[in-house]
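Structure at a glance
For reference, the chains in residue letters:
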Amino acid sequence: MATLVLAAAGSAVGGAIGGAAFGLGGAVIGQAAGAVLGGVIDQKILGGGSAAVERGRAGNLRLQTAEEGAPIPRVYGRMRVSGQVIWSTRFRETVIEGDTGGKGGGGTRTRDYTYSLSFAVALAEGPIDRIGRVWADGKPMDLEGVTWRLHRGHAAQGADPAIEAAEEHAPAFRGVAYLVFEDLPVGPYGNRAPQISVEVFRQPRAPDQVETAEEDLELRSIVKAVAMSPGSGEFAYETE
């Protein structure tokens, strides 16, 4: 566009000045000079030059942080709880290069940026039975095609594979039910971890139905001994 406008303007200015050089009239010289200047502007400003046009690159990546000292919910029945981010990796940047427009080799090189993030969200005190619906930034989240794992919060649960791959000493967050998202695309959420809320199910249990160390073989393999204080005195070991 700048080429056409400046070529016409140069032709008009050259024709008004008049004169000739190398057998060419002032209008022709002005038109050529305007076309050259307009071509430079088109290349630098409108993306017709050698530099690729970058789209979607984030200059400032934000991560929702957990609130320090926040209580861990204890769920009975069914409840929608807001999660707290307890672990995350750095943002993963993916670059896709291509060409758009142009005929006869006059296209523009493009460079598109997308971002993904792996993170864990604490839900409630475990163990829970299962989860239901999931919301991201208050909207229902479709988990189809999303890599996610639920740790129900058992006392003997192991560390998540994604956390083990990223951390030298991976925490297992035993006793806490949490959800792990692996390489979740964050473009739809403004290049940040979305605020996750989850529908949590936990069936209330009577005291005689709660698992004990004697019944939980995995827990028995972890607990080697129990220290009681005071160790002497009347009724020190009385259970009722």
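Since we're looking at a predicted model, the values are computed, not measured. (Residues numbered from 1 in each chain as written. Predicted model: local features only at pLDDT ≥ 70, side-chain atom pairs only at ≥ 80, totals over all residues. Heavy atoms only, no water.)

1. What about the overall build of the protein?
Here is the rule: Starting at the N terminus, helices and strands are each numbered in turn, a helix being any DSSP run of H or I of at least four residues and a strand any DSSP run of E of at least two. Whether a residue is buried, partly exposed or exposed follows from its accessible area with a 1.4 Å probe, protein chains only, as a fraction of its type maximum: under 20%, in between, or over 50%, in that order. The contact definition used throughout considers only heavy atoms, calling two residues in contact when any of these lie within 4.5 Å.
Secondary structure assignment for the protein yields four helices and twelve strands. Per-residue burial over the protein gives 30% buried out of 240 residues. Pairs at least 24 apart in sequence give 70% of the contacts found in the protein among residues at least 6 apart.

2. Focus on the environment of Phe181
Along the polypeptide, Phe181 turns up in strand 11 (residues 176-185). Between the alpha carbons of Phe181 and Leu143 there is a distance of 10.0 Å; along the sequence they are 38 residues apart. In contact with Phe181, not counting residues within four places along its chain, are Leu117, Ser118, Phe119, Met141, Leu143, Val146, Thr147, Trp148 and Ile196.

3. Some details on the packing of aromatic side chains
So the rule is basically this: Centres within 6.5 Å make a pair out of two Phe, Tyr or Trp rings, where for Trp the six-membered ring is used; the pair is then stacked when the planes are under 30 degrees apart, edge-to-face when over 60, and tilted otherwise. Two thresholds decide whether a charge sits over a ring: the Lys NZ or Arg CZ must be within 6 Å of the ring centre and within 35 degrees of the ring normal.
Under the criterion given, the structure shown has two aromatic pairs. The cationic tip of Arg80 hangs over the ring face of Trp135; the distance from NZ or CZ to the ring centre is 3.8 Å. Taking the ring centre of Tyr76 as reference, the NZ or CZ of Arg202 above it sits at 5.6 Å.

4. Structural notes on the environment of Asp142
Put simply, the rule reads: Pairs of N or O atoms within 3.5 Å make up the polar contacts considered here, provided that, within protein, one atom can donate a hydrogen while the other can accept it, and that residues adjacent in sequence are counted only when both atoms are side-chain atoms.
Inspection of the secondary structure assignment puts Asp142 in the loop between strand 9 (139-140) and strand 10 (147-151). Residue class for Asp142 comes out exposed when judged on its relative accessible area of 58%. A distance of 3.1 Å separates a polar atom in the side chain of Asp142 from the backbone nitrogen of Glu144.

5. Concerning the sheet that holds strand 8 (residues 130-136)
Applicable threshold: In this scheme, strands are said to pair when DSSP sees at least two bridges between them.
If you walk across this open sheet you meet the four strands as 4-12-8-9, and the pairing is antiparallel. Both outer strands of the open sheet, strand 4 (77-82) and strand 9, are each paired with one neighbouring strand and no more. Both strand 8 and strand 12 (residues 196-202) contribute to a ladder of five bridges, which runs antiparallel. Directly across from Arg130, in strand 12, lies its bridge partner Phe201.

6. Observations concerning the nonpolar core
Note the cut-off: Throughout, nonpolar core names a set of buried Ala, Val, Leu, Ile, Met, Phe, Trp, Tyr and Cys residues whose side chains join them through atoms within 4.5 Å.
Counting 26 residues, the largest nonpolar core has Phe119, Leu123, Met141, Phe181, Ile196 and Val198 as its most contacted members. Put simply, the parts of the chain that give this core at least two residues each are strand 7 (108-125), strand 8, strand 11 and strand 12. It is strand 7 that provides the largest number of residues to this core, a total of seven residues. Not counting residues up to four positions away in its chain, the partners in contact with Val198 are Met79, Arg80, Val81, Leu123, Ile131, Arg133, Val134, Trp135 and Leu179. In this structure, Ala120, Ile163, Tyr178 and Val180 belong to the second largest nonpolar core, which totals five residues.

7. Observations regarding the confidence of the model for the protein
We count it as follows: Values of pLDDT, ranging from 0 to 100, describe the predictor's confidence in every residue of the model.
For the protein, mean pLDDT is 75; residues scoring 70 or higher make up 57% of the total. Within the protein, strand 1 (residues 20-21) has the poorest average pLDDT of any element, 50, and strand 10 the best, 94.

8. As for the pattern of salt bridges
Rules: Salt bridge, as used here: a side-chain nitrogen of Lys or Arg that lies within 4 Å of a carboxyl oxygen of Asp or Glu.
Following the criterion strictly, the structure yields eight salt bridges and no others. Of the charged contacts in the structure, one is a salt bridge between Arg111 and Glu97, with a shortest N-O distance of 3.1 Å. Placement of Arg111 in strand 7 and of Glu97 in strand 6 (residues 92-100) is noted, with a sequence separation of 14 residues between them. Members of the salt-bridge network, linked through shared partners, are Arg78, Arg133 and Glu199.

9. Thoughts on the pairing of strand 8
Relative to strand 9, strand 8 runs antiparallel, the two being bridged by two bridges. From the neighbouring strand, Trp135 faces strand 9, where its bridge partner is Pro140.

10. Topic: unusual backbone geometry
Note on backbone geometry: most residues besides glycine have negative phi, and most peptide bonds are trans. Going from Gly126 to Pro127, the amide bond is cis rather than trans, its omega being 0 degrees. Unusually for a residue other than glycine, Asp183 sits at a positive phi of about 50 degrees.

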